[in-house]
Amino acid sequence: MRMSFVALAAPALLIAAPAFAQATSPADYVKQAGAGDLYERQSSQLVRSSKDAKIRDFAQTMIAHHTKSTADVKAAAAKAGVKAPPPKLMPMQASMIADLRKATGTERDALYVTQQKEAHQMALALHQGYAANGTSAPLKAAAAKIAPVVQSHIDMLNGM
């Protein structure tokens, strides 16, 4: 039986989630939020051709919502005087994208949903953590606005 990267990495992802929640500096928050949004957009692009309408619709929603959250964080960073570098995937996210590229059909769909659940848990921890403990008021406000949207994505995923 072939184990996917996510199945093997799930315990590490759960351990890493608190690290995402502890983005102590505004620059760290901006970097991690950008990486998360980039992963969401890239992974969702890969499944837009799925035969499953629910997967396609969810992917389209992820592209739209994570494009907006990137813009919201960039705008808040500008207000805060924090440089928002172009988003870059973290190594774990790049590996997840590589796994999605290798998978096909229903295997890709299932892997996408599994990855999305993990990625959204990490994103929720990041945004909730920064909203509660961040040091930049504009970024805290953006994080507080984004967190409920991420929670709605988790709710959608749990219904799939």
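In case you missed it, the structure is sitting above this.
How each quantity is defined
Residues numbered from 1 in each chain as written. Predicted model: local features only at pLDDT ≥ 70, side-chain atom pairs only at ≥ 80, totals over all residues. Heavy atoms only, no water. Salt bridge = Lys/Arg side-chain N within 4 Å of Asp/Glu carboxyl O. Helix = DSSP H or I, 4+ residues; strand = E, 2+ residues; numbered from the N terminus. Buried < 20%, exposed > 50% of the residue type's maximum accessible area, 1.4 Å probe, protein only. Axes fitted to C-alpha atoms, helices over the stretch in contact; angles between N-to-C directions. Parallel < 35°, antiparallel > 145°, perpendicular 65-115°, else oblique. Left-handed = near helix turned anticlockwise from the far one by under 90°. Contact = heavy atoms within 4.5 Å. Nonpolar A, V, L, I, M, F, W, Y, C, P; charged D, E, K, R; others polar.

Q: How do you make sense of the pattern of salt bridges when you look at a structure like this?
A: If the charged atoms of two oppositely charged side chains come close together, the side chains can form a pair. Enumeration according to the criterion identifies two salt bridges in this entry. With a shortest N-O distance of 3.0 Å, aspartate 72 and lysine 68 are connected by a salt bridge. Placement of the pair is aspartate 72 and lysine 68 together in helix α3 (residues 53-80), with a separation of four residues, close to one helical turn. Overall, the relative accessible area of 17% leaves aspartate 72 in the buried class. Between lysine 145 and aspartate 72 there is a salt bridge, with the nearest N and O atoms lying 3.6 Å from each other. Separated by 73 residues along the polypeptide, lysine 145 in helix α6 (residues 137-158) and aspartate 72 in helix α3 bring together distant segments of the chain. Here the residues in one salt-bridge network are Lys68, Asp72 and Lys145, joined through shared partners.

Q: Just checking my understanding: could you explain the packing of helix α2 (residues 26-46) against helix α5 (residues 105-133) for this structure?
A: At a minimum axis distance of 11 Å, the contact between α2 and α5 shows a crossing angle of 160°. Classified by the angle their axes make, α2 and α5 are roughly antiparallel. Where α2 crosses over α5, the two elements pack in a sense that is left-handed. Together, Pro26, Tyr29, Gln32, Ala33, Tyr39, Glu40, Ser43, Ser44 and Leu46 of α2 and Arg108, Tyr112, Gln115, Gln116, Ala119, His120, Leu126, His127 and Tyr130 of α5 make up the contact between the two elements. Considering only residue class, the contact of α2 with α5 consists of nine nonpolar, seven polar and two charged.

Keep in mind these numbers describe shape, not what the thing actually does.
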